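A closer look at the structure
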Amino acid sequence: MSTVPRRFSRTLRVGACATAVGLAALTGCADSGTTASSGYDGPIGAVDLSAVCPAKIVVQTDWNPEAEHGSLYQMLGPDPVIDAGAKKATGPLFSQGEYTGVDIEVRAGGPAIGFQSVTSQMYQDDSILLGYVDTDQSVQSSGTNPTTAVFASLEINPQMIMWDPATYPQVRTIADLKGTGATVLYFEGSAYMDYFTGAGILDKSQVDGSYDGSPANFVAAGGSKAQQGFASAEPYLYEQEIAQWKKPVAYQLLHDAGFPVYKSALAVRSGELEANASCFERLVPVMQQAAVDYFADPAATNEVILEAVEKYDTGWVYNAGNAEYAAETMLSTGVVGNGDNATVGDFDTARVQRVIDITGPVFTEQKVSVPAGLAPEQLATNRFIDPSIGFTS
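Attention in this report is confined to the structure presented alongside it. (Residues numbered from 1 in each chain as written. Predicted model: local features only at pLDDT ≥ 70, side-chain atom pairs only at ≥ 80, totals over all residues. Heavy atoms only, no water.)

Some remarks on the packing of aromatic side chains
For clarity, the threshold we go by: Two rings from Phe, Tyr or Trp (for Trp, the six-membered ring) form a pair when their centres sit within 6.5 Å of each other. Planes less than 30 degrees apart are called stacked, planes more than 60 degrees apart edge-to-face, and all others tilted. By definition, any uninterrupted DSSP run of H or I lasting at least four residues is a helix, any uninterrupted run of E lasting at least two residues is a strand, and each is numbered from the N terminus. Remark: exposure states derive from per-residue accessible area (1.4 Å probe, protein chains only) relative to the maximum for the residue type, with buried under 20%, exposed over 50%, and partly exposed in between. Placement of a charge over a ring requires the Lys NZ or Arg CZ to be within 6 Å of the ring centre, with the centre-to-atom vector within 35 degrees of the ring normal.
Per the counting criterion, the structure on display carries 18 aromatic pairs. Plain terms: the ring middles of Tyr195 and Phe259 are 6.1 Å apart, the flat faces sit at 35° to each other, and that makes the pair tilted. Of this pair, Tyr195 sits in helix H7 (residues 191–198) while Phe259 sits in the loop between strand E11 (250–253) and strand E12 (265–269), placing them 64 residues apart in sequence. On the accessibility criterion, Tyr195 (14% relative accessible area) is buried. Taken together, the aromatic side chains of Trp63, Phe115, Trp316 and Tyr318 make up a single cluster linked through ring pairs. Across from the ring centre of Trp245, 4.4 Å away, lies the NZ or CZ of Lys247, which sits over that ring. The cationic tip of Arg351 hangs over the ring face of Tyr262; the distance from NZ or CZ to the ring centre is 3.6 Å.

Focus on the sheet that holds strand E9 (residues 207–208)
The criterion, for reference: Think of it this way: DSSP has to see at least two bridges between two strands before they count as a pair. We call two residues in contact whenever any of their non-hydrogen atoms come within 4.5 Å of each other. What counts as an axis is a line fitted to C-alpha atoms, over the stretch in contact for a helix, and the angles between N-to-C directions run from 0 to 180 degrees.
On the basis of which strands lie adjacent, the open sheet formed by five strands has the order E9-E8-E10-E7-E11 and mixed pairing. On the outer flanks of this sheet lie E9 and E11, each paired with one strand and no other. Both strand E7 (residues 159–163) and E11 contribute to a ladder of four bridges, which runs antiparallel. Its bridge partner being in E11, Ile161 is matched across the sheet by Gln252. H7 contacts E7, strand E8 (184–185), E9 and strand E10 (226–230) of the sheet and is inclined by roughly 60° relative to E7.

Concerning the sheet that holds strand E6 (residues 147–151)
Ordered in space as E2-E3-E4-E1-E5-E12-E6, the seven strands form an open sheet in which the pairing is mixed. Each edge of the open sheet is held by one strand with a lone partner, namely strand E2 (81–83) and E6. Ignoring strand direction, the axes of neighbouring strands in this sheet form an average angle of 35°. With five bridges connecting them, strand E1 (residues 56–60) and strand E4 (residues 98–107) associate as parallel partners. Within the sheet, the bridge partner assigned to Val59 lies in E4 and is Val106.

Remarks on unusual backbone geometry
Trans peptide bonds make up the majority, and among non-glycine residues the majority have a negative phi. Here the phi dihedral of Asp79 falls at roughly 50°; this positive angle occurs in a residue that is not glycine. Relative to the assigned elements, Asp79 resides in the loop between helix H3 (70–74) and E2.

Side note on the state of the cysteines
Convention followed: By disulfide we mean two sulfur atoms from cysteines, separated by a distance within 2.5 Å.
Going through the model one piece at a time under the given rule, you end up with one disulfide. There is a disulfide in this structure between Cys53 and Cys279, and the S-S distance comes to 2.0 Å. Taking the torsion about the S-S bond as the criterion, the Cys53 to Cys279 disulfide, at about 100°, is right-handed. Linking Cys53 in the loop between helix H2 (26–33) and E1 with Cys279 in helix H10 (residues 277–296), this pair joins segments that are 226 residues apart in sequence. According to the relative accessible area criterion, Cys53 is buried, its value standing at 3%. Classification of Cys279 as buried rests on a relative accessible area of 0%.

Quick notes on the environment of Leu130
Structurally, Leu130 can be placed in strand E5 (residues 130–133). Take Leu130: its relative accessible area is 0%, and that puts it in the buried class. Distance in space between the C-alpha atoms of Leu130 and Pro248 is 37 Å, their sequence separation being 118 residues. Beyond its immediate sequence surroundings of up to four residues, Leu130 is in contact with Val58, Val59, Gln60, Met122, Val150, Leu266, Ala267, Val268, Phe280, Leu283 and Met287.

Some details on the pairing of E4
Counted residue by residue, E4 has nine buried out of 10 residues, so it is predominantly covered. Pairing geometry for strand E3 (residues 88–95) and E4, over seven bridges, is antiparallel. Note that in E4 the partner of Thr90 across the bridge is Glu105. Linkage of E3 to E4, two consecutive antiparallel strands, is achieved through a turn of two residues, within which Gln96 is found at a positive phi near 50°.

Re helix H11 (residues 299–312)
To be explicit about the condition: Expected helix span is given by 1.5 Å per residue-to-residue step, counting one fewer step than there are residues. Arc, as used here, means the arc of the directions from the helix axis to the C-beta atoms.
In this model, H11 (14 residues) spans 20 Å end to end at C-alpha, consistent with the 20 Å of a helix rising 1.5 Å per residue. Among the residues of H11, those classed as buried are Thr301, Asn302, Val304, Ile305, Ala308, Val309 and Tyr312. All buried residues of H11 project into a common sector of 155° when viewed along the axis, lining one side. Exposed residues on H11 whose side chains face more than 90 degrees from its buried face are Ala300, Glu303 and Glu310. As for H11, its buried residues are in contact with H3, E2, E3, E4, H10 and helix H12 (320–332).

Looking at the pairing of E1
Across the five residues of E1, four count as buried, placing the element largely inside the fold. Two elements, E1 and E5, share two bridges in a ladder whose sense is parallel. Bridging from a neighbouring strand, Val59 pairs with Leu130 of E5.

See below:
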């Protein structure tokens, strides 16, 4: 996709403010960027983003509103406006109950953007500051539409492959499915499956890329097929909500099977990282704290998420039970957390390199050009992470 030309003027404006941080000229930057489109006029709290960030921070998500996006919706202040037509929620950006001087707009993905990738959407619409980009997607687009992640919204990818434990009691891992010959349903074009079949974890003859998100095929197979999904959603749905199944499923995370991408990392167009650096220095710690706060008490934010789901009416079925299950499961499984240190939202450079190593050949096979010598630092950075912010036991 071509870059929208008028993005250049916005970059200059933000960059000009960035050069003034810490100087008297900072007040002038605030004057040019503090008009809140939400109409909120309360006092600015301990964190002031108005001098260094756009007046409205636009974030493009990768799916319908859900608990996986909880840290974003956590930042929406009082009385957010949920636009059913545009599939977006807008309001003053709050941090720990205090206004930060700017607005935030959270846009739905998936059906709301015609199932385009977030990266494509970001390069078509210059108003988007940040978007959810998986590490493998960042590798894939690095030669044409490069992105750099600044915050890992999830520590571990909640994507998984599930199966019926009653039909396959001997299966404990995705690799165990190979010996059963079970058909594995997945979304065509998923890089992880090309890696799994290329590495011999699954056999090419047993995978079926016809999965469309519907439970029909899995249910009709009566337990003989396996299927991709999310550990934060399908186990609850199949046991509690899908009348034709109503029993447990077993699963293994793609992460634990050897595909360690950072799912839904918040990324900026790489060429605009420096121009927005002063904004990210203050904004990224706010996002870290929002993640901690959401998972400490997700109830109020889940209400906003569920209201958005209802108003958007895309066919996405999501209820309070699913949202509660998702938040609890993501905590208990380590999908959200600090990883191997005391910090939330940071990236493991070696892990990013591993993703480059295993997906590079996949994309080469697909005739996608990945730049030679692509480095982890081009795809993700801890530059703006506050190491003191994390989950506490």
